Each structure stands twice: as C-alpha cells, then as structure tokens.
Amino acid sequence: DEFIILLSEIVDAADTAKLAERVISEVRKPVTFDGRQLYVTTSVGIAIYPDDATNSEDLLKNADIAMYRSKDLGRNNYHLFSSAMNSRSHERLAMEDRLSRALENNEFALVYQVKIDLGSGRMCGAEALVRWHSPEMGLVAPSEFLPLAAKMGLMPALGEWVLTSACAQNKAWQDRGLPALRMAVN
C-alpha cells in the first residue's frame, strides 16, 4: 500500500507537485470490481535531495513524514517536507511516549458536565469527560490526545479507567446522600 517514485534531475519543486497531483487524480478514479465501484485515497509525501536530506535513508524518512502530514490533513493531497514537519514529528513522538505512561502515572482526570431536565429544572444526570494533565505539557486538549490514544491502541485501557472512575464517582455522590443519577461516559 506504499510505493516510491524517484525523480532524477528535478529543476523545480513545482514539478514534483504537478506529478503528485497527476498521481492523485489517476488513483482516485473509481475502479469497478465484482460489479461495485471502489475508491482509493492517496496521500503523497515529497522530499527533495539535497534540500531535505543528503542520504537515501533520511530522504525516505522525510518523505514519510510529509506523507503522514497529508494523511493527517485529509488524504487525496500531497505535502512537501519541511523542517517544521520534522519538529512536529518529534513532538508527536514525545507526546506518544508521555501518553503511553499517562495512565500508570495517574495523569488523567474526569470532569463532569451536568445534565438538566428542562421541564423540572432539576439535575437528571452528568456526563463524564476525560482530561489529561501532563506534567511536561500541562492540560492537553482531548482533540489532541484522544485520536493519538486510539492510533496507539490505548483506548480499551483508557475507556476502562474512565468507566470505572465515573461509576466510582457516582457511587461516592450517592454515599453522600445525593440521589442516583444517570451517568453518561464520553
């Protein structure tokens, strides 16, 4: 599902972009198989020698970084490698490392959004929302860490922690004399 196109004697980086657009255009055309139309998406990463790397290993790594940037931004497009992407890639790896240890280090917390019955004006439930307080990065937005946790396969363990913690909190509220309420877990 990955392939490499090696272009020699590129005069202008715009030429690589034109080729990427042609490849994407051709690949995205539907293919008929067994009476059904199938659609394929394409993400292209471009790295140019010697601007982006001086050896084949680094050149491929940087093209890969640019390709993943294309995937992150919605497929069927291309990106040229930039040193900023490389620093984002390092930041992402650091976040993955921190996230992999966050559960065992008790860095997650739940916040609760109250649900109100509009007819009576009374609280009828609460929604538990997970938050990550990283010692190094501070409060990390769920939109940043949840997709990464899913890609890393951490969601079953994180989901179990969220569910167990939300149920324990609901029980603690009842033990303090509050009425039982419906708890939604997000």
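Shown above is the structure to which this text applies.
Since we're looking at a predicted model, the values are computed, not measured. (Residues numbered from 1 in each chain as written. Predicted model: local features only at pLDDT ≥ 70, side-chain atom pairs only at ≥ 80, totals over all residues. Heavy atoms only, no water.)

## Looking at a nonpolar patch on the surface
Basically, it comes down to this: For patch detection, residues must exceed 30% relative accessible area and be free of salt bridges, and they are connected within 9 Å for like charges or within 5 Å for nonpolar side chains (Val, Leu, Ile, Met, Phe, Trp, Tyr). We get accessible surface area from the Shrake-Rupley algorithm with a probe of 1.4 Å; when it comes to residues, only the shown protein chains can shield them. Should a side-chain nitrogen of Lys or Arg be within 4 Å of a carboxyl oxygen of Asp or Glu, the pair is scored as a salt bridge. Strands are runs of DSSP state E lasting at least 2 residues, helices are runs of H or I lasting at least 4, and numbering of each runs from the N terminus. To sort residues, take the accessible area from a 1.4 Å probe on protein chains only and compare it with the maximum for the residue type: under 20% means buried, over 50% means exposed, and anything in between is partly exposed.
Taken together, the side chains of Phe-3, Ile-5, Leu-7 and Ile-10 define a hydrophobic patch exposed on the protein surface, amounting to about 370 Å² of accessible area. The topology assignment puts Leu-7 in the segment before α1 (13-27). You can call Leu-7 partly exposed: its relative accessible area is 36%.

## Things to note about the pairing of strand β5 (residues 108-116)
For the record, the criterion: Should DSSP find at least two bridges between two strands, the strands are taken to pair.
Judged from the 9 bridges that link them, β5 and strand β6 (residues 123-134) form a sheet pairing that is antiparallel. Bridging from a neighbouring strand, Leu-110 pairs with Val-130 of β6. Counted along the chain from β5 to the antiparallel partner β6, the turn is 6 residues long, and its residue Gly-121 has a positive phi close to 80 degrees.

## With respect to helix α2 (residues 56-72)
This is how the line gets drawn: The span one expects for a helix is its residue count, reduced by one, times 1.5 Å. A 3.5 Å cut-off defines polar contacts: any pair of N or O atoms within that distance qualifies, except that in protein one atom must be a possible hydrogen donor and the other a possible acceptor, and neighbouring residues in sequence count only when both atoms are side-chain atoms.
The end-to-end C-alpha separation of α2 is 24 Å, in line with the 24 Å expected for 17 residues at 1.5 Å each. For α2, the N-terminal capping position is held by Asn-55, with its side-chain oxygen 3.2 Å away from the main-chain nitrogen of Glu-57. Where α2 ends, the next residue or the one after it, Gly-74, has phi of about 115 degrees, a positive value.

## Things to note about the packing of aromatic side chains
Going by this rule: Pairs were defined over the aromatic rings of Phe, Tyr and Trp, the Trp ring being its six-membered one, requiring ring centres within 6.5 Å. Orientation was assigned from the angle between planes: stacked under 30 degrees, edge-to-face over 60, tilted for the rest.
Enumeration over the complete set of coordinates arrives at 5 aromatic pairs. Ring plane angle 45 degrees and centroid distance 5.7 Å describe the contact between Phe-108 and Phe-145, whose orientation is recorded as tilted. Residue Phe-108 is found in strand β5, and its partner Phe-145 is found in helix α4 (residues 142-151); the two are separated by 37 residues along the sequence. Assessed through its relative accessible area of 9%, Phe-108 is described here as buried. When the centroid spacing of 6.2 Å and the interplanar angle of 45 degrees are considered together, the rings of Phe-108 and Trp-161 count as tilted. With a gap of 53 residues between them, Phe-108 in strand β5 and Trp-161 in helix α5 (residues 155-175) connect regions that are remote in the sequence. You can call Trp-161 partly exposed: its relative accessible area is 24%. Aromatic ring contacts, followed pair by pair, group Phe-108, Trp-132, Phe-145 and Trp-161 into a single cluster.

## Things to note about unusual backbone geometry
A cis geometry characterises the amide bond from Tyr-49 onward to Pro-50, with omega recorded as -5 degrees. Mapped onto the elements, Pro-50 comes out in the loop between β3 (43-46) and α2. Its identity as a non-glycine residue notwithstanding, Asp-34 has a phi of 55 degrees, on the positive side. Considering the arrangement of structural elements, one finds Asp-34 in the loop between β1 (31-33) and β2 (36-38). For Asp-34, a relative accessible area of 69% puts it in the exposed group. Not every positive phi belongs to a glycine, and Asn-106 is a case in point at roughly 55 degrees.

## As for the side chain of Asn-170
Counting through the fold element by element, Asn-170 comes out in helix α5. Look at Asn-170 and you get buried, because its relative accessible area is 9%.

## Digging into the side chain of Asp-52
Stated precisely, the cut-off is as follows: By the counting rule applied here, Lys and Arg register as positive and Asp and Glu as negative, while His and the ends of each chain are not counted. What makes two residues a contact is simply this: any of their non-hydrogen atoms within 4.5 Å.
Within the element layout of this structure, Asp-52 appears in the loop between β3 and α2. Buried within the structure, Asp-52 lacks any salt-bridge partner; Lys-61 is the closest side chain of opposite charge, at an N-O distance of 11 Å. Every residue in contact with Asp-52, bar those within four places of it in the chain, is listed here: Ile-46, Ala-47, Asn-62 and Phe-81.

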